[in-house]
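So the chains spell out like this:
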Amino acid sequence: DLSYRLWNATYGPLYAPVSDKLPPNPHLDVAHRDIPGPAGQMLTAVNPSYMTRLVQEFALAEFGHRGRITSLLPIRPENRPDPWEERALRRIEGGAAEVSEVAELEGVAHLRLMRPMVTAEACLRCHAAQGYHLGDIRGGLSVSIPLAPYQPIFQSRRRSLLMGHLFFVGAGLLGLGAATIHLRRQMLARERAERELQRAKDAAERANLLKSQFLANMSHEIRTPMNGVIGMIGLARDLASHPEQVEMLKLADQSATSLLTLLNDILDLSRIEADKLKIEHQPFDPRALIQQILAEFTPLLREKNLHCACEIDPALAPRLLGDSFRVRQVLVNLLGNAVKFTDQGGLSLCVEKGARKNAQGVELVRFAVKDSGIGIAEDKLSELFQLFSQVDGSLTRRHGGSGLGLAISRKLVELMGGYMDVESRPGEGSTFTFFLPLPEA
Ligand code: ADP
């Protein structure tokens, strides 16, 4: 409509023969509205507005397309806008370039379009005198097309869209199914691997237990004849007359004794690992125990020219309930290490009725073995209580030892319900402390 209107305004008016369907336009006020044609018939001028009306009537009759010119201030009452057109015109006044919507017209769905009619240069040729200006919006051109003929197209498009979506949903579900199966297979494989791992772990633990039991039995069996050997060496030393024989028997005795110590360590360790080590709960005299232990160390201390201080808390009960054999074993190990790794100064043993209590409310007795020896580097402290751990291999060659003593001591202390700790600095000595719940007997 806009195109032929513009064409007509630019090159028209158009002259067409007058007929019933094309009477002269009574609203058209121009000089040569009706003129005679070459064959004597009458020709009448068709200007843009008249042409629009004629074409729109034709379009309605031929295609059912409704078109009309409308305005918020109509001159002709039949140009008054319907409610949708009024809304559209207001939006166009507000600056919209066009308004198009699917809306109902007389109860039927239509695609409705509203475009502004803008005054062009060509319009001014006739309408300048009426006060038209270039760019003025003089109402709107409204076209409404019934949607019914297009429904099959929309439906088929909707169908293909639906099919497309269904395809993607189907593909997605298939993918999801495949992923689930894959995941399930992986889970089953992992479960199988975990079961196998557990079986292997159980077998390894069983084998370890058997090994510990075997070790415990073996070291016990070896210990008995070892005691015989040591006993016999002692007797032989008593009988030996030649100094060379005495010296050789002394060395044999030392070797046999350190072998017995090692056997005892291994026996303890395997018993602990096989959960066979029993902790006794018998009354004992802590002061007598300490005295005995220190007496054993006297020759060694004298040999190395080390002094030893002993401090026992007067508040400590005269009799305690616990495993004196194991307390002794731990103390002997700590004192032995203190003597072994100290060349100058001395050591001290301190026993205190502790201020601390364990979770069950039993008072903890504190034992501390302090020395002024070589000390231990901070980064080595954490591995000190591990089995076979020795800080310095060269020292071990000098001092002997298996690296089992501290690991066994800590485990014994823990089996007795206590805990052990160490503080040390290289060159400044070490303090090994352990706390034991030893109630008064
Ligand atoms: P070992 O039979 O080798 O003495 P331990 O488990 O008793 O085994 O000790 C492990 C290591 O801890 C020792 O080899 C030594 O390096 C270090 N150590 C233990 N006690 C002391 C100490 N009082 N001073 C310095 N180093 C120590």
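The rules behind each value
Residues numbered from 1 in each chain as written. Predicted model: local features only at pLDDT ≥ 70, side-chain atom pairs only at ≥ 80, totals over all residues. Heavy atoms only, no water. Salt bridge = Lys/Arg side-chain N within 4 Å of Asp/Glu carboxyl O. Helix = DSSP H or I, 4+ residues; strand = E, 2+ residues; numbered from the N terminus. Buried < 20%, exposed > 50% of the residue type's maximum accessible area, 1.4 Å probe, protein only. Core = buried A, V, L, I, M, F, W, Y, C linked by side-chain atoms within 4.5 Å. Pairing = 2+ DSSP bridges. Axes fitted to C-alpha atoms, helices over the stretch in contact; angles between N-to-C directions. Contact = heavy atoms within 4.5 Å. pLDDT = per-residue confidence, 0-100. Phe/Tyr/Trp six-rings, centres within 6.5 Å; stacked < 30°, edge-to-face > 60°. Left-handed = near helix turned anticlockwise from the far one by under 90°. Nonpolar A, V, L, I, M, F, W, Y, C, P; charged D, E, K, R; others polar.

1. What about the pattern of salt bridges?
This structure, assessed with the given rule, holds 18 salt bridges. Between E106 and R66 there is a salt bridge, with the nearest N and O atoms lying 2.8 Å from each other. Here E106 is found in the loop between β5 (99-105) and β6 (108-118), whereas its partner R66 is found in strand β4 (residues 66-70), with 40 residues between them in sequence. Overall, R66 belongs to the partly exposed group, its relative accessible area being 32%. K353 serves as the salt-bridge partner of E363, at 2.8 Å between the closest nitrogen and oxygen. One end of the pair, E363, is in strand β12 (residues 363-371); the other, K353, is in strand β11 (residues 346-357), and ten residues separate them in sequence. Taking the relative accessible area as the measure of exposure, E363 reaches 32% and is therefore partly exposed. Classification of K353 by relative accessible area gives partly exposed; the value is 36%. If you follow the salt bridges from partner to partner, you end up with R68, D82, E85 and R112 in one network.

2. Quick notes on the nonpolar core
Within soluble globular proteins, side chains that are nonpolar generally end up buried alongside one another. Core analysis: the largest hydrophobic core is formed by 43 residues, its most contacted members being L331, F367 and F434. For this core, the secondary structure elements donating two or more residues are α6 (243-273), α7 (286-304), α8 (324-340), β11, β12, α11 (405-415), β13 (419-425) and β14 (429-437). Considering every element that reaches this core, the biggest residue donor is α8, with seven residues. One finds L249, A256, L260 and L263 within the second-largest nonpolar core, a separate group that totals eight residues.

3. Digging into the sheet that holds β13
In spatial order, the strands read β9-β11-β12-β14-β13; together these five strands make up an open sheet with mixed pairing. Strand pairing shows two members of the sheet lacking a second neighbour, β9 (307-312) and β13, which therefore form its edges. The average angle at which neighbouring strand axes cross in this sheet is 15°, direction not considered. Judged from the seven bridges that link them, β12 and β14 form a sheet pairing that is antiparallel. Residue pairing in the sheet places A368 in a bridge with T433 of β14. Strands in contact with α7 are β9 and β11; relative to β9, the strand with the most contacts, it is inclined by about 175°.

4. Considering the sheet that holds strand β2 (residues 34-36)
Taken together, three strands build an open sheet; the order of strands is β1-β3-β2 and the sheet is antiparallel. For this open sheet the edge positions go to β1 (14-17) and β2, each flanked by a neighbour on one side alone. Averaged over all pairs of adjacent strands, the angle between strand axes in this sheet comes to 35°, irrespective of strand direction. Two strands pair when backbone bridges link them, and β2 and strand β3 (residues 42-46) are joined in this way by three bridges, in the antiparallel orientation.

5. Focus on unusual backbone geometry
Leave glycine aside and you will find that most residues have negative phi; peptide bonds, for their part, are mostly trans. Geometrically, the link from G12 to P13 is a cis peptide bond, its omega value of 0° lying close to zero. Turning to its location among the elements, P13 is positioned in the loop between α1 (2-11) and β1. Positive phi, close to 55°, is recorded for E106, a residue that is not glycine. Assessed through its relative accessible area of 62%, E106 is described here as exposed. If you check the backbone angles, N305 has positive phi at about 60° while not being a glycine.

6. Some details on the side chain of D268
Within the secondary structure layout, D268 lies in helix α6. For D268, a relative accessible area of 6% puts it in the buried group. Among all residues touching D268, those that are not within four sequence positions of it are L277, R326, Q329 and I408.

7. Comments concerning the environment of L406
As for its position among the elements, L406 is in helix α11. With 198 residues separating them in the primary sequence, L406 and N208 have C-alpha atoms 21 Å apart. Filtering out sequence-adjacent residues up to four positions away, L406 remains in contact with N333, L334, N337, L384, F385 and F432.

8. Details of the confidence of the model for the protein
Mean pLDDT over the protein works out to 89, with 96% of the residues at or above the 70 mark. The spread of mean pLDDT over the elements of the protein runs between helix α10 (residues 393-399), the lowest at 53, and strand β8 (residues 282-284), the highest at 96.

9. What to know about the packing of aromatic side chains
Each aromatic ring pair is characterised by the separation of its centres together with the angle its planes make. Using the criterion set out here, one finds five aromatic pairs in the structure. Ring centres 5.7 Å apart and planes at 55° place the aromatic pair W7 and Y11 in the tilted group. Here W7 pairs with Y11, and both are found in helix α1, just four residues apart, close to one helical turn. What makes W7 partly exposed here is its relative accessible area of 42%. Judged by centre distance (6.5 Å) and plane angle (80°), the rings of F385 and F432 are edge-to-face.

10. Looking at the pairing of β14
A regular strand places its side chains so that they alternate between the two faces of the sheet. Taken across its nine residues, β14 has nine buried, putting it largely inside the fold. Every second residue of β14 is oriented toward a common face, with G429, T431, T433, F435 and P437 on one face and S430, F432, F434 and L436 on the other, all of them buried. The hairpin turn running from β13 into β14, its antiparallel successor, is three residues long, and G427 in that turn takes a positive phi close to 85°.

11. Quick look at the packing of α8 against α11
Running from amino to carboxyl end, α8 crosses α11 at an angle of 145°, the nearest separation of the two axes being 10 Å. Regarding α8 and α11, the two cross each other, and that crossing is left-handed. Contact residues: α8 offers R326, Q329, V330, N333, L334 and N337, while α11 offers G405, L406, I408, S409, L412 and V413. When its residues are assigned to classes, the contact of α8 with α11 shows six nonpolar, five polar and one charged.

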